[in-house]
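Residue-level listing of the chains:
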Amino acid sequence: MERVLGIGGYFMRADDPAALSAWYRDCLGLDADEKGRWRQEAGPTVFAAFDSQIDYFGSPAQRTMLNFRVHDLDAMLAQLRAKGADVAAETQDMEGVGRFGWVTDPEGNRIELWQPA
C-alpha cells in the first residue's frame with residue numbers, strides 16, 4: 001500500500017493574503033519563500049479527528065486547526081503578545097505530550113502552539 005510521506009501544504013482563504021502571510025512571517029517566524037515553501041524542522045506531526053461539536057478550535061465555523069511545534073512556548077507567547085496578537089490567556093499541560101497555547105491570526109483562525117514534552 002502506498003502511504004503519504006508527510007504534510008505537503010496547508011492552504012487557507014484570506015481576505016488579504018499578503019497581509020496574512022506577513023503576519024505569519026513577522027509574528028511566528030514562518031520564513032516561507034516567494035512560492036510559499038517552508039523548510040520545517042524534523043519532528044512529530046499529529047493527525048487527529050475531533051468531534052464536530054467540540055469548541056477546542058474556537059469558532060464553530062472553523063473546521064480545521066493548524067498546530068505549530070515550538071521550542072519555548074512561553075517565549076513564543078510573549079513574542080506574540082508584544083506584537084499585539086490575540087493570544088489566549090490559558091495554556092494547557094498534557095503529561096507525556098507537552099504544553100499547548102493558542103493564538104488567533106488576523107483573519108480569525110485559531111492556531112495551536114505545541115511545545116513537545
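Small disclaimer: the values here were computed from a predicted structure and weren't measured. (Residues numbered from 1 in each chain as written. Predicted model: local features only at pLDDT ≥ 70, side-chain atom pairs only at ≥ 80, totals over all residues. Heavy atoms only, no water.)

**Student:** Run through the pattern of salt bridges, naming residues and quoting values.
**Tutor:** Any two side chains of opposite charge can pair, so long as their charged atoms come close to each other. In total, this model carries four salt bridges according to the counting rule given. Note that Asp74 and Arg99 form a salt bridge whose closest N and O atoms lie 3.1 Å from each other. Here the residue Asp74 occupies a position in helix 2 (residues 73-82), and Arg99 occupies one in strand 4 (residues 98-104), the gap between them amounting to 25 residues. Taking the relative accessible area as the measure of exposure, Asp74 reaches 45% and is therefore partly exposed. For the salt bridge of Asp93 with Arg99, the shortest nitrogen-to-oxygen distance reads 3.0 Å. Accessibility expressed as a relative area gives 57% for Asp93, which makes it exposed. In the salt-bridge network here, residues are joined through shared partners; they are Asp74, Asp93 and Arg99. (Salt bridge = Lys/Arg side-chain N within 4 Å of Asp/Glu carboxyl O. Helix = DSSP H or I, 4+ residues; strand = E, 2+ residues; numbered from the N terminus. Buried < 20%, exposed > 50% of the residue type's maximum accessible area, 1.4 Å probe, protein only.)

**Student:** Outline helix 2, supporting the account with residue identities and numerical values.
**Tutor:** Every α-helix carries 3.6 residues per turn, so stepping three or four residues along brings you back to the same face. Along helix 2, the residues that are buried comprise Leu73, Met76, Leu77 and Leu80. Seen along its axis, helix 2 keeps its buried residues to an arc of 95 degrees; they face one direction. Those residues of helix 2 that are buried lie in contact with helix 1 (17-28), strand 2 (86-87), strand 4 and strand 5 (110-116). Residue Gly84 follows helix 2 closely and has a positive phi angle near 80 degrees. (Arc of directions from axis to C-beta. Contact = heavy atoms within 4.5 Å.)

**Student:** How would you sum up the layout of surface pockets? Please name residues and give values.
**Tutor:** Each pocket or cavity is described by its volume, and for the second largest pocket that value is around 180 Å³. For the second largest pocket, the lining is made up of 15 residues, of which Tyr10, Met12, Gln62, Thr64 and Asn109 are closest to its centre. Along the lines of polarity and charge, the residues of the lining of the second largest pocket split into seven nonpolar, five polar and three charged. (1 Å grid on protein atoms, 1.4 Å probe; cavity = no way out; pocket = protein on both sides within 12 Å on 5 of 7 lines; lining within 4 Å. Points joined across faces, edges and corners; volume = space filled by probe spheres on them. Nonpolar A, V, L, I, M, F, W, Y, C, P; charged D, E, K, R; others polar.)

**Student:** Describe the pairing of strand 4, listing the residues and the values that go with them.
**Tutor:** Strand 4 sits mainly inside the fold: five of its seven residues count as buried. Pairing of strand 2 with strand 4 involves two bridges; the strand directions are antiparallel. Note that in strand 4 the partner of Asp86 across the bridge is Thr104. One ladder, built from three bridges, connects strand 3 (residues 92-94) with strand 4; its direction is antiparallel. Counterpart to Met94 in the pairing with strand 4 is Gly98. Between strand 3 and strand 4, which pair antiparallel in sequence order, lie three residues; one of them, Gly96, sits at a positive phi of approximately 80 degrees. Pairing between strand 4 and strand 5: seven bridges, direction antiparallel. When the bridges of strand 5 are listed, Val103 appears paired with Ile111. What sits between strand 4 and strand 5 in their antiparallel hairpin is a turn of five residues, with Gly108 showing a positive phi close to 90 degrees. (Pairing = 2+ DSSP bridges.)

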